[in-house]
Amino acid sequence: MQPESAPVVLVVEDDEHISQVLRFMLERQGYQVVHMADGRAASSHIAASNPPALVLLDVMLPYVDGFEIVQLIRAQENWRDVPVLMLTAKNTERDTVRALDAGANDFVIKPFQPQELLARVRRFLRPGA
Amino acid sequence: MTLATQSDTFIAAALWTGFAALLLTLLLGLQIIGMRLMLRRRQRSDARALARWRPLLNAAIVGEMPDSLPPLRRAERLPFLRLWAHLQGSLRGEANEALNEVARRLGIDAYARGLLVRGNRPARLLSALVLGHLHDREAWPALLRMAEQPDNTVALTALWALVRVDPPAAADYMVPLFIAREEWALSLAAGILQQATEPAAAALTRLLPQLGEDKLPRALRIAEALHLALPGAVLGAALRSPSMPVVIAGLRGVRTPETLPEVRALLAHADWQVRVQAARALGRVGERADAERLVQLLGDREWWVRYRAAEALLELPALSRADLDVLRASLTDRFAADMLSQAMAESANK
């Protein structure tokens, strides 16, 4: 159980095993995790909820892909400044460029190193960052 | 009377047929219910196994290796292996090593070796993946046998595992195999050999001089797919070959200026496909002085040659944008100037 004041990280990932790993890692670091398993659920959540401290977003998602989600985030007034860290597949340089062009702040390539991912998350969630 | 007897026989036959059909339907229904119950029971069992092992694997992944591990129950083995292999494929670095340590402490290596020999097809595929991730040297002979099977999925999974177990030995074994098995896509071969690019380059360098013209193009395309820079002598021999497929495959693999004289000579080849590849190769490795050669090709009778020559001019490292503008202005052939303008516009939009 995380304290109410803990920063919230929205994880949008359709792979159940990976989302469980991400939740475990992030909760261990003291963050609260909200998980959405597909693009449609994430879109509804963005439209209806308060912004989190950070969004960890997979590119390949059912219904609505990660590129559209990041555009949705940037178009939403209260979500506009939320840092977005995208998970892109290996050997898809084009996806990485597209993610950054769409408005993502940073990206992590899958397969990913857990400690590297946490370091990138911390970079955005450091007080005063 | 006869009519009545016949009618009774038909009615009896219809009744028995109906009864048999009903019985079969009931049996089928029972079987479906039984299979459904078994599936639900297995799903519950798998969920229990994952609930027990997921936190332990997650802790190991983030560097909090548990001091002691509970025994892995028989019913937990397959769901555990599936989760473990999935995590191995999704993570890299220290997390992979941590997962390997957990697996070895649980005796997964020995279990997977047994499964590789005695398991059914899905179990053998899973165990090959597991043993590959574990770099398990003891599994080498069984994986080799598996790689020789006619089932492509089984064979390619075994090759994937072999290259992780011992990259140099696997490259020596696989390179001739990938050259011979033309039904396997080059991307598959490259994907597997990517784990062993250096040994694969060494194996290809040894093999290329011994190959006939029928096998050389595929071998050269494998080198190209792996982005290997082959020795100049080996590549030069391919570029001087009388066989057009060999020359084209050789040109596609030019990555260093060692074979520049051969590439330049091929710009004037009678076959336009050779000229296309020669222009592309010159774009990759050419010098400033090669601009004039490529300008000549801008007036080629084949559209693709002109197009690739224009692209190659843009790729030449020694030519600046200003140089290209001057060059375009100096062209007297309208088709050549149009082609260069098109390539420059496309490059600006990339």
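As the structure is a prediction and not an experimental result, all values here were calculated from the model.

Moving on, we get to the overall build of chain A. Each helix and strand counted, chain A has five helices and five strands in total. Helices and strands appear in chain A in the N-to-C order β-α-β-α-β-α-β-α-β-α. Here chain A has a C-alpha radius of gyration of 13 Å; the compact-globule value for 129 residues is 14 Å, and the two agree. Taking the principal axes of the C-alpha coordinates as reference, chain A spans close to 40 × 30 × 30 Å. Taken over 129 residues, chain A has a buried fraction of 33%. The contacts of chain A with a sequence gap of at least 6 include a subset with a gap of at least 24, amounting to 58%.

What follows covers the overall build of chain B. Across its full length, chain B carries 19 helices and zero strands. Taken against the 2.2 N^0.38 rule, which gives 20 Å for 350 residues, the C-alpha radius of gyration of chain B at 31 Å runs more than 25% over that of a compact globule. Over its C-alpha atoms, taken along the principal directions, chain B stretches across nearly 100 × 80 × 45 Å. Split into buried and exposed, the 350 residues of chain B put 35% on the buried side.

A few words on the interface of chain A and chain B. On the chain B side, the residues contacting the 13 residues of chain A number 14 residues. Every element with two or more residues in the side of chain A that touches chain B is listed here: α1 (16-28) and α5 (114-125) of chain A. For the side of chain A that touches chain B, the element with the most residues is α1(A), which contributes seven residues. Residue classes in the side of chain A that touches chain B are distributed as seven nonpolar, four polar and two charged.

The next subject is the confidence of the model for chain A. Averaged over all residues, the pLDDT of chain A is 90; the fraction at 70 or higher stands at 93%. Mean pLDDT across the elements of chain A bottoms out in helix α4 (residues 93-102) of chain A (83) and peaks in strand β1 (residues 8-12) of chain A (97).

Time to look at unusual backbone geometry. Outside of glycine, negative phi angles account for most residues, and trans bonds account for most peptide bonds. The step from K110(A) to P111(A) runs through a cis peptide bond, and the omega angle for that step is -5 degrees. One can find P111(A) in the loop between β5 (106-110) and α5. Phi at H227(B) takes a positive value of approximately 55 degrees, unusual for a residue other than glycine. Examined against the element boundaries, H227(B) turns out to sit in the loop between α11 (216-225) and α12 (232-239). When the 12 C-beta atoms within 10 Å are taken as the criterion, H227(B) is described as exposed.

All names here are of chain B. Along the chain, the position of Q88 falls in helix α2 (residues 77-90). Along the chain, Q88 and N100 lie twelve residues apart, while their C-alpha atoms are 8.7 Å from each other. In contact with Q88, not counting residues within four places along its chain, are N96, L99 and H133.

On to helix α2 (residues 39-48) of chain A, then. Residue and element names in this part refer to chain A. For α2, the complete set of buried residues consists of G39, A42 and I46. For α2, the buried positions fall inside an angular range of 60 degrees around the axis, keeping them on one side. Exposed and oriented more than 90 degrees from the buried face of α2 are S44, A47 and A48. Of the surrounding elements, those touching the buried residues of α2 are β1, β2 (32-36) and α3 (66-75).

Quick look at the sheet that holds β5(A) now. All names here are of chain A. Here five strands make up an open sheet; going across it, the order is β2-β1-β3-β4-β5 and the pairing parallel. Strand pairing shows two members of the sheet lacking a second neighbour, β2 and β5, which therefore form its edges. Shown here is a sheet whose adjacent strand axes are inclined to one another by a mean of 20 degrees, direction ignored. Relative to β5, α5 is tilted by about 170 degrees, and along the sheet it contacts β1, β3 (54-58), β4 (84-89) and β5.

Residues and elements named next belong to chain B. For helix α8 (residues 167-180), with 14 residues, the first-to-last C-alpha span of 20 Å sits near the 20 Å given by 1.5 Å per residue. In the structure, α8 departs most strongly from a straight axis at M174, where the bend amounts to approximately 30 degrees and where the proline P176 lies between one and four residues downstream. Along α8, the residues classified as buried are A170, A171, M174, V175, F178 and I179. Where α8 is buried, its residues meet α7 (152-165), α9 (186-193), α10 (197-207) and α11.

Calculation notes
- Residues numbered from 1 in each chain as written.
- Chains lettered and ligands numbered in written order.
- Predicted model: local features only at pLDDT ≥ 70, side-chain atom pairs only at ≥ 80, totals over all residues.
- Helix = DSSP H or I, 4+ residues; strand = E, 2+ residues; numbered from the N terminus.
- Rg over C-alpha atoms; globule rule 2.2 N^0.38 Å.
- Buried ≥ 20, exposed ≤ 12 C-beta atoms within 10 Å, placed from the backbone.
- Contact = placed C-beta atoms within 7 Å.
- Nonpolar A, V, L, I, M, F, W, Y, C, P; charged D, E, K, R; others polar.
- pLDDT = per-residue confidence, 0-100.
- Arc of directions from axis to C-beta.
- Pairing = 2+ DSSP bridges.
- Axes fitted to C-alpha atoms, helices over the stretch in contact; angles between N-to-C directions.
- Expected span 1.5 Å × (residues − 1).
- Bend = angle between axes of the 7 residues up to and from the residue.

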